[in-house]
Amino acid sequence: MLSLLRPYLLWLLATILALIIILANESPPASAIRSRSGAVTVTGSKPFARILDVVSMLDENRKLRLRLAKMSVQLADESECRFENQRLREMLVFKAKSRFELIPAEVVGICPDPVIRGLLVNAGAQDGVSVNSAVVGTSGVVGRVFRVNPTSAMIQLLLDPNMGMAGRLKKGREDGIVQAGPHGGLRFDGVPTTAKVDVGDSVLSSGIGGIFPEGLPIGVVNQVRPSLDGWLWEIDLAPAVDFERLEEVFIIREDSVDG
Amino acid sequence: MTVDFLRLAAIGGLLLFIQVGFGSLLQIGGVRPDLLLIFSLMIAAGRGRQAGLIAGWLSGLMQDAVSLSYLGVYALGRSTAVFWTGIWLERCEGQPKTWVWLVLFLISSFTQEAIVDIFYVQGTDLSYSSLLFRSAFPTAVYTALSGVLWVALPRPTGEKRKGLIVQKRSRRDLR
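Just so it is clear, the structure is predicted and the values come from calculations on it, not from any experiment. (Residues numbered from 1 in each chain as written. Chains lettered and ligands numbered in written order. Predicted model: local features only at pLDDT ≥ 70, side-chain atom pairs only at ≥ 80, totals over all residues. Heavy atoms only, no water.)

A. Looking closely at the packing of aromatic side chains. Going through the model one piece at a time under the given rule, you end up with six aromatic pairs over all chains. Each ring, one from Tyr-8 of chain A and one from Phe-83 of chain B, has its centre 5.6 Å from the other, and the planes form 85°; the classification is edge-to-face. With one member in each of two chains, Tyr-8 of chain A in helix H1 (residues 2–23) and Phe-83 of chain B in helix H5 (residues 73–91) form a pair that bridges those chains. Here Tyr-8 of chain A falls in the partly exposed class, since its relative accessible area comes to 32%. When its relative accessible area of 0% is taken as the criterion, Phe-83 of chain B is described as buried. Taken together, a centroid distance of 5.3 Å and an interplanar angle of 80° make the contact between Trp-11 of chain A and Trp-84 of chain B edge-to-face. Taken together, the residues Trp-11 of chain A in helix H1 and Trp-84 of chain B in helix H5 connect one chain to another. (Phe/Tyr/Trp six-rings, centres within 6.5 Å; stacked < 30°, edge-to-face > 60°. Helix = DSSP H or I, 4+ residues; strand = E, 2+ residues; numbered from the N terminus. Buried < 20%, exposed > 50% of the residue type's maximum accessible area, 1.4 Å probe, protein only.)

As structure tokens, this is what we get:
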């Protein structure tokens, strides 16, 4: 009989002991045991907690890197959109103020012609572009159209050695010829040394030649020196247009230019 | 016997260390398996429910101490759960089937958690029934699946293990 009851008595004893311990939890000995075992647990688990921390940090690191890469791409896109927005606003203002009828065009490539230094734009005959149309940017003269396709056109830049145009000093009103100069700049030739030319003077299109209307900015004088014979000035111009960053241009519709 | 006791104590200590120290790695949806309950039931299956009762009581008390909860709560819950589940284990003829193990693990884990939660909700505004549903039942399921995994693993002899240490002779054989 006792042997049959023994397991149940053992369980009863274990239950009573456990209940006594539970009820005595707030007593000083129990509190001391809990605080000491807690200290041992915290101290002992520290090295292993570091391992767990490293594992979770690696995972978090991977996720953060991915997120950073995505955000970098997004930031670059937004930055590009902001610049494009600014450029397009400038173009809108320029177009609104212009006395000519302007055909906007986007630069889509470099001119494939090996002789001409130029650009390819996405406006053509269907848009009203014709050969020898003047091409300008928001800050000044870019060049002229030298070949037209139905939906595209090739532009000869002012920087091309084969290109030249008539210019005029804004202040002194002296006429001369603008051509490509050294180091990606422009030259203003034919101005006699009797004319007063200062660094910082602007050079505009004179309208002579029939392609470029009068008054379009070409460049700014950044160096003046007399020629060897002393009769003419050798004038270097800084172009008004940044040819390295051209993305959009305007083509002046030929029939909108005053004769 | 001393060697066996020391070996069991070492295994229990290791499982306690894993459960408390690395429980977060075993966690699924905030639920962890009770490795010490599985350990206690294995002892009950191999050595009788009295041995399982003692193993459950001691492992419960150690768990209470290192996890900074009320001393005695898990000792009470685990020892009771293992003891009453042990009755069914003793009635099984030969090796229990896998589904029987599953049910036994499920019932014992749920019983343990139900007892522990009685003390857990004291002094709080937590609902006992919702705690059973949200914590006790998922823990019981996870523990049952973990226990069945251990039991179902094949052994070198080709036989499924009944207890942690297989008894060569059972107490029934001695009567």
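B. Expanded view of the interface of chain B and chain A. Chain B puts 27 residues into the contact, and the matching count from chain A is 22 residues. For the chain B and chain A pair, buried surface summed over both sides reaches about 2200 Å², with 77% attributable to carbon and sulfur atoms. When residues of chain B are sorted by the area they lose upon contact with chain A, Trp-57, Tyr-70 and Leu-71 of chain B head the list and together hold 25% of the total. Applying the counting rule to chain B against chain A returns zero salt bridges. Inspection of the chain B/chain A interface yields two residue pairs in polar contact (both at pLDDT 80 or more). Every element with two or more residues in the side of chain B that touches chain A is listed here: helix H1 (2–21), helix H2 (23–26), helix H4 (49–66) and H5 of chain B. Per-class residue counts for the side of chain B that touches chain A are 19 nonpolar, seven polar and one charged. (Contact = heavy atoms within 4.5 Å. Buried area = accessible area lost by both parts, 1.4 Å probe. Salt bridge = Lys/Arg side-chain N within 4 Å of Asp/Glu carboxyl O. Polar contact = N/O pair within 3.5 Å; in protein donor to acceptor, adjacent residues only side chain to side chain. Nonpolar A, V, L, I, M, F, W, Y, C, P; charged D, E, K, R; others polar.)

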